[in-house]
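This is what each chain is made of:
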Amino acid sequence: MKTHHIVPCLLLAAAAFFTACGNETSTTPATSSDEAPAVDLSTPKADASQTIEITGNDQMKFSNTEITVTAGDEVVIEFKNVGTMPKAAMGHNLVVLVQGTDAVAFANKGVSHADSDYIAPDAKNAVIAATKILGPGESETLTFVAPSEPGEYPFVCTFPAHAAAGMRGIITVK
Ligand code: CO
């Protein structure tokens, strides 16, 4: 028992509540420090930053399809469309999805939503982070906190037909 328990216990003893002393479930104020410190899982901490460069090209390929990040770290993805074809024919985005999302099915839902970067409004709850559709030579930096839950998180380009053609990858959170 730590010294700061002494005073409350004495007070309780004086009040004849002996059984409360040393009882961790006691409601005695300021005696909870024997317990493990509370960990607030609802507030991810950006402990460190990881910067990853990914490009997309006219062959509908990401330069990097397997990325590993640390849970809770800040992730910075610098995404660039290095192709030369017009945006209307060969635009690219990079969309990070929640674990378990079928990337091709997700992209297919967005095919008629050019005005929202080919992401269906009713599918946005599957999106962790997303760039807009980029034309040739354009780039966008995506910054987000890696999920706290380890696992495999898909990423995909939702420009029509690109996901099915293989423009997708996996971010492994460890
Ligand atoms: Co694409």
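Scroll up a little and you will see the structure.
Report on the accompanying structure.

Rules used throughout
Residues numbered from 1 in each chain as written. Predicted model: local features only at pLDDT ≥ 70, side-chain atom pairs only at ≥ 80, totals over all residues. Heavy atoms only, no water. Pairing = 2+ DSSP bridges. Helix = DSSP H or I, 4+ residues; strand = E, 2+ residues; numbered from the N terminus. Axes fitted to C-alpha atoms, helices over the stretch in contact; angles between N-to-C directions. Donors = N, O, S within 2.8 Å, 3.2 Å for Na, K, Ca; no water. Tetrahedral: all angles 85-135°; square planar, octahedral: opposite > 155°, others 65-115°. Buried < 20%, exposed > 50% of the residue type's maximum accessible area, 1.4 Å probe, protein only.

It is worth spelling out the sheet that holds strand β8 (residues 168–173) at this point. Read from one edge of the open sheet, five strands run β2-β8-β7-β4-β5, paired in mixed fashion. Taken across any chain shown, the strands that pair with only one partner, and hence form the sheet edges, are β2 (66–69) and β5 (127–130). Pairwise comparison of adjacent strand axes, ignoring direction, gives a mean angle of 25 degrees for this sheet. When strand β4 (residues 95–97) meets strand β7 (residues 151–156), the two strands line up antiparallel, connected through two bridges. Residue pairing in the sheet places Val95 in a bridge with Val156 of β7.

Our focus in this paragraph is the coordination of the cobalt ion. Around the cobalt ion, the protein contributes the donor atoms His92 (ND1), Cys157 (SG), His162 (ND1) and Met167 (SD), at 2.0 to 2.5 Å from the metal centre. Considering all four donor atoms around the cobalt ion, angles at the metal cover 87 to 130 degrees and the coordination shape is tetrahedral. We note that the donor set of the cobalt ion lies within a single chain, spaced as H-x64-C-x4-H-x4-M. With a gap of 70 residues between them, His92 in the loop between α2 (87–90) and β4 and His162 in the loop between β7 and β8 connect regions that are remote in the sequence. Pair check on accessibility: His92 and His162 agree, each one buried.

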